[in-house]
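Overview (structure and organization)
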Amino acid sequence: MPKLIAHRGESHDAPENTLSAITLAWQSGVRAVEVDIHLTADQRVCVIHDFDTKRTTGQHLIVRKSTLAELQQLDAGSWKGSRWAGEPIPSLTQVLKGVPDDGTLVVEVKPSLVDVDALVDEITQSSLRYDQVEVIAFDLKTLGRIKKRLPAIKVLWLLEIGPWWWQYLRGRNSQVVMAKLSEHKLDGINIGDSRFLTDKYIKKFTSAGFPVYVWTVNDPKRAQWLFKCGVEAVTTDRAAWMKQIIHGAMRHGND
């Protein structure tokens, strides 16, 4: 079965990066969940995408200037619907405790978490195996430090491709990217989906032994095409729904 990753949990159906969204993914049979992390003022790791809380709580706190206790007093669920009222911003510790034995947590490290000690401590002190945690980030130096501390964990470099493809990738063509992966001892890339992402570009990495993940894909046909190109994992807002459709297509193809 192709690897589908629930983007910020089952974020289409529940408030992103909350325990409800993450638990819903596990309960729906999704075996991989992606979350975003920031460091708080009291050096705790919390699960939230933005550098502030305005979008998901309606109140404006800067995450790195707030304690975990202050952040957890906010309502991070009501924006999605009244049934989620009172949903708190979780800590990474809480999320790690809920990962099932056959589950994988993909952790995106945000820029506020330059000092990786807190993250490394959280992972090593959890009961999870190292193959149950993967780390992604845009910052190469941060990824390199994490890989050096936790060599058994899969670490992938986040990249984007857009209309500015050649401008952005000047100096970042596939050979240069792979050289940087090797320099920092990283395992592969996690690349943003766009019409500029080609079969040829993907296969340059997979043929060299670097796994390719793609985010964020909500079209099952697009996901199936990416898997055919050799992509190892696709991140989606609707992982359980996507899983059902792709399972159905696979069964139909086998009949």
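Below is a short write-up of the structure. Here the structure is a predicted model, which means the values were calculated and not measured.

**Let's talk about the nonpolar core**
Judged by nonpolar contacts, the single largest core of 62 residues is most densely connected at Ile37, Leu105, Leu119 and Phe205. Contact partners of Leu119, with chain neighbours within four places excluded, come to Ile37, Val45, Leu92, Val107, Val109, Leu113 and Ile146. By size, the runner-up hydrophobic cluster in this structure holds 8 residues, among which are Val106, Leu156, Tyr213 and Ala233.

**What about the pairing of strand β9 (residues 233-236)?**
Residues Ala233 and Thr235 of β9 are buried on one face, and the alternating residues Val234 and Thr236, pointing to the opposite face, are buried as well. When strand β1 (residues 3-7) meets β9, the two strands line up parallel, connected through 4 bridges. Each bridged residue has a counterpart across the sheet, and for Leu4 the counterpart in β9 is Val234. In this structure, strand β8 (residues 212-215) lies alongside β9, joined through 2 bridges in parallel fashion. Looking across to β9, one finds that Tyr213 is bridged to Ala233. Read from β8 through helix α10 (residues 220-228) to β9, the crossover connection turns out right-handed.

**Examining the environment of Lys65**
As for its placement among the helices and strands, Lys65 is situated in the loop between α2 (54-57) and α3 (68-71). Sequence separation of Lys65 and Asp42 is 23 residues, and the distance between their C-alpha atoms is 8.5 Å.

**Considering the side chain of Lys147**
Of note, Lys147 is situated in helix α6 (residues 140-149). Relative accessible area serves as the criterion here: at 9%, Lys147 is assigned to the buried category. When neighbours within four sequence positions are excluded, Lys147 is seen to be in contact with Ile153, Lys154, Val155, His184, Lys185, Leu186 and Asp187.

**Topic: empty space enclosed by the protein**
Under the defined criterion, the tally for this structure stands at 1 cavity of 30 Å³ or more. In this model, the largest cavity occupies a volume close to 60 Å³. If you go around the largest cavity, the residues you meet are Glu16, Asn17, Thr18, Val47, Ile48, His49, Arg55, Thr56, Ala76, Ile89 and Pro90.

Reading the values: the criteria
Residues numbered from 1 in each chain as written. Predicted model: local features only at pLDDT ≥ 70, side-chain atom pairs only at ≥ 80, totals over all residues. Heavy atoms only, no water. Core = buried A, V, L, I, M, F, W, Y, C linked by side-chain atoms within 4.5 Å. Buried < 20%, exposed > 50% of the residue type's maximum accessible area, 1.4 Å probe, protein only. Contact = heavy atoms within 4.5 Å. Helix = DSSP H or I, 4+ residues; strand = E, 2+ residues; numbered from the N terminus. Pairing = 2+ DSSP bridges. Right-handed = clockwise from strand over helix to strand, strands pointing away. 1 Å grid on protein atoms, 1.4 Å probe; cavity = no way out; pocket = protein on both sides within 12 Å on 5 of 7 lines; lining within 4 Å. Points joined across faces, edges and corners; volume = space filled by probe spheres on them.

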